[in-house]
Amino acid sequence: MASVGATSAYATDVIAVQKVFYHQEWNFIYKWMLIMSTQLIGFSMGGIVRRFLVLPPSMIWPNTLVSCALFNTLHSQQYAGIGHHDGISRERYFAYAFCAAAVWCIVPGYLFQALSVFTWVCWAAPNNIKINQLFGGLGFSILTFDWSQIAFIGSPLATPWWAEANVMIGFVCFYWILAPALYYSNVWNSQFLPISSIHAFDNTGKPYNVSRIINPDTTLDLRAYKVYSPLYLSTTFALSYGLSFLSITSTITHAIIYFWKPIRLQFSRSIREQPDVHARLMSHYPQVPEWYYGLLFVVTFAFSCICVQVWPTGLPIWALIIALLIAIIYIIPIGMIQAITNRQVGLNVITELIVGFMLPGRPNAMMIFKTYGYITMSQAMQFTADFKLGHYMKVPPRQMFWCQIVATAIAGTVQLGVQTWMFANIPNICDRYQKDSFTCASTNVFGSASIIWGVIGPGLLFTRNQIYYALSFFFLIGAACPVLLWLVTKRYPKTVLNYLNFPLIFTGVGQIPPATAVNFVPWALVGFTFQYVIRRKHFSYWTKYNYVLSAALDAGTAVGLIMIYFCLQYPLGGTIGKNTIQQWYGSLRVSFSRMLY
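Residues numbered from 1 in each chain as written. Predicted model: local features only at pLDDT ≥ 70, side-chain atom pairs only at ≥ 80, totals over all residues. Heavy atoms only, no water.

Asks: Residue-level account of the overall build of the protein chain, with values.
Replies: Along the backbone of the protein chain there are 25 helices and 2 strands. The C-alpha atoms of the protein chain give a radius of gyration of 24 Å, which matches the 25 Å a tight globule of 597 residues would have. Projected onto its principal axes, the C-alpha coordinates of the protein chain cover approximately 70 × 60 × 55 Å. A fraction of 79% describes how many contacts in the protein chain between residues 6 or more apart in sequence connect residues 24 or more apart. (Helix = DSSP H or I, 4+ residues; strand = E, 2+ residues; numbered from the N terminus. Rg over C-alpha atoms; globule rule 2.2 N^0.38 Å. Contact = heavy atoms within 4.5 Å.)

Structure (structure tokens):
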């Protein structure tokens, strides 16, 4: 229940963008049905593919091992592991690490905020633009002492080192080598813009004013667009789209080459023929009937149709069906990659591209199409991962099913209520200079994407004679890379290249933006330390404590952040320490975007 309710509903960004970017406010019924349908329709698909993604023992789902370790620590009466390691119990280890994380969180979170983004080189040369771009914007200073920054893209203690290495290969090649080369060569007029930003810009370098190019019904006014300005993106933002193009096609060819035999085998097997010991134990429980998933799909699809037809979204039902078909096609290959590597290939950009060509000039239609295409697959992955957790912990499947449904419905409703309250009570929310840092990074990325793909459309950006036309060739490059790798490894079967995974290389840095370089480099350093060095040299210690430590750091940091807000920031309107702790250099809230020019 906690896992499905912990993250915000993706559709809340649709609602926020409609309000902030396009000044549209539709009623509560629309918002609630949109959230419920987008959050739950993927569960019906995840249930159908569980024989491919849950039952095979090779589908590990590494992130679930953290939860397994935590539950075993809190509830198991004995330690089961490989090797012998004396020392304190895992319960006491968890308690120590939890308390330490909660207390330490106060230092980078409140007392010395500069430790959260420790750009120490920029302190030495605060007025040197290139130094600030490279060591601030692209993270060459590599340091942070804030676990919330390190684990922003996922706990480094839960991802296998070979997968983390693939992610960092992509990061170094594209963000530490290619991005500076493009920027300082002024490709795409990039030197007139920040090197890294989540915003779109016009030809004067100012934030793109979408209100100048849309009609009252939020469709594109082409004449106004030509009078105003083409749209420009920062170098890293443009590269993030290129990487998405690479990952989408590389995922297909990678799945065909490496996963075709397992997929075919699972199609021919029945559930009872699975040899896994967990599957044999779970077979004693009644399984979730297939008609549960069918009924859930019918209800949520009905909600979806009502949303897109009753309100003026501009999205026809046939386009909604195409969005769902995209999710269905990719569920199994993406699920197999995530189950092994702990990294998910996103469908957000490919859905944006498709709807941008199908329904150009309709930002609402684009956002809703993307949400149904992308989050349906993502929620199916969440549902499947939770079922794998239940598989490991021997939780009855029917109870798992109902817990996830109820928790998602409650969480989505509460999140919608909280979002409504925040927009009504927090002044200037989602503004880049909001005084309490409620800048809505993900909403701004979502809004920029709605302008790029929805209002203007890919036809005016990525086709021949347009500014970002070169990025369209990334589709072909992405499709070819796994084939070339397969040919090389067939010729040299013992090469280290067997560890390369192109979908992972391309999609691993897909969270930039809103993630930044400071989230990736420390993540990899911590991952190398624990998943490579300690795992190799102190395997019994790693087996006993690694996943417990990951859970403790996550939980302790979350509690620490809650303590900071309710004890130090919320009381007295945030004026505690206004003239003391909030004024010294290490705690000044310097806008990160100023380091990127």
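Alright, that's what it looks like, and here's the rest.
Asks: Describe the state of the cysteines, and please don't skip the residues or the numbers.
Replies: What makes a disulfide is a covalent bond joining the sulfur atoms belonging to two cysteines. Evaluation of the coordinates by the stated rule reveals 1 disulfide. There is no disulfide at Cys-173, and the cysteine sulfur nearest it, in Cys-481, is 11 Å away. (Disulfide = S-S within 2.5 Å.)

Asks: So what about the packing of helix α19 (residues 363-393) against helix α21 (residues 441-456)? Which residues, and what values?
Replies: Between two packed helices, what matters for the description is the angle formed by their axes and the separation of those axes. With their axes 8 Å apart at the nearest point, α19 and α21 run at an angle of 115 degrees to one another. If you check the angle between α19 and α21, you find them roughly perpendicular. The way α19 lies across α21 gives a crossing that is right-handed. Residue-level contacts link Pro-363, Met-366, Met-367, Lys-370 and Thr-371 of α19 to Phe-446, Ala-449, Ser-450, Trp-453, Gly-454 and Val-455 of α21. Considered class by class, the residues forming the contact of α19 with α21 number 7 nonpolar, 3 polar and 1 charged. (Axes fitted to C-alpha atoms, helices over the stretch in contact; angles between N-to-C directions. Parallel < 35°, antiparallel > 145°, perpendicular 65-115°, else oblique. Left-handed = near helix turned anticlockwise from the far one by under 90°. Nonpolar A, V, L, I, M, F, W, Y, C, P; charged D, E, K, R; others polar.)

Asks: Give me the nonpolar core: which residues, what numbers.
Replies: Here is a general trend for soluble globular proteins: nonpolar side chains tend to be buried in one another's company. Counting 121 residues, the largest nonpolar core has Ile-213 and Trp-453 as its most contacted members. Counting residues per element, this core draws most heavily on helix α17 (residues 317-341), which supplies 13 residues. Not counting residues within four places of it along the chain, the set of residues in contact with Ile-213 comprises Tyr-208, Thr-219, Leu-220, Asp-221, Ala-224, Tyr-225, Tyr-228, Val-455 and Ile-456. Counting 23 residues, the second largest nonpolar core, distinct from the first, contains Ile-150, Trp-542, Leu-549 and Leu-553. (Core = buried A, V, L, I, M, F, W, Y, C linked by side-chain atoms within 4.5 Å. Buried < 20%, exposed > 50% of the residue type's maximum accessible area, 1.4 Å probe, protein only.)

Asks: How would you summarise the pattern of salt bridges if you had to cite specific residues and measurements?
Replies: Taken as a whole and assessed by the stated rule, the structure comprises 4 salt bridges. Ionic pairing is found between Lys-19 and Glu-25, a salt bridge with its closest N-O pair at 3.0 Å. Overall, the relative accessible area of 31% leaves Lys-19 in the partly exposed class. For the salt bridge of Lys-31 with Glu-25, the shortest nitrogen-to-oxygen distance reads 2.5 Å. On the accessibility criterion, Lys-31 (8% relative accessible area) is buried. Glu-25 gets classed as partly exposed once you look at its relative accessible area, which sits at 46%. (Salt bridge = Lys/Arg side-chain N within 4 Å of Asp/Glu carboxyl O.)

Asks: Before we move on, could you go through helix α6 (residues 90-104) and cite the residues and values that matter?
Replies: The end-to-end C-alpha distance of α6 is 21 Å, a good match for the 21 Å that 15 residues give at a rise of 1.5 Å each. Regarding α6, the residues found buried are Arg-90, Tyr-93, Phe-94, Ala-97, Ala-101 and Ala-102. Projected down its long axis, α6 carries its buried residues within an arc of 155 degrees, all on one side. Relative to its buried face, α6 has exposed residues pointing more than 90 degrees away, namely Tyr-96 and Val-103. (Expected span 1.5 Å × (residues − 1). Arc of directions from axis to C-beta.)

Asks: How would you summarise the side chain of His-254 if you had to cite specific residues and measurements?
Replies: By secondary structure assignment, the location of His-254 is in helix α13 (residues 235-258). Residue classification places His-254 among the buried residues on the basis of a relative accessible area of 7%. When sequence neighbours within four positions are dropped, the list of residues in contact with His-254 reads Phe-259, Ile-337, Pro-482, Asn-501 and Pro-503.

Asks: Break down helix α3 (residues 28-48) for me, with residues and values.
Replies: Counted at 1.5 Å a residue, the expected span for α3 with its 21 residues is 30 Å, and the 31 Å between its end C-alpha atoms agrees. Taken across its 21 residues, α3 has 17 buried, putting it largely inside the fold. Near the N-terminus of α3, the side chain that reaches the backbone nitrogen of Ile-29, with its oxygen 3.2 Å away, is that of Asn-27. (Polar contact = N/O pair within 3.5 Å; in protein donor to acceptor, adjacent residues only side chain to side chain.)

Asks: Describe the packing of α13 against α21, listing the residues and the values that go with them.
Replies: Look at α13 against α21: their axes get within 13 Å of each other, and the N-to-C directions meet at 75 degrees. One way to sum up the angle between α13 and α21 is to call them roughly perpendicular. Across from Phe-237, Tyr-241 and Phe-245 in α13, the residues of α21 making contact are Val-445, Ser-448, Ala-449, Ile-452 and Trp-453. Class assignment of the residues belonging to the contact of α13 with α21 gives a composition of 7 nonpolar, 1 polar and no charged.

This is a description of form; function is not addressed.
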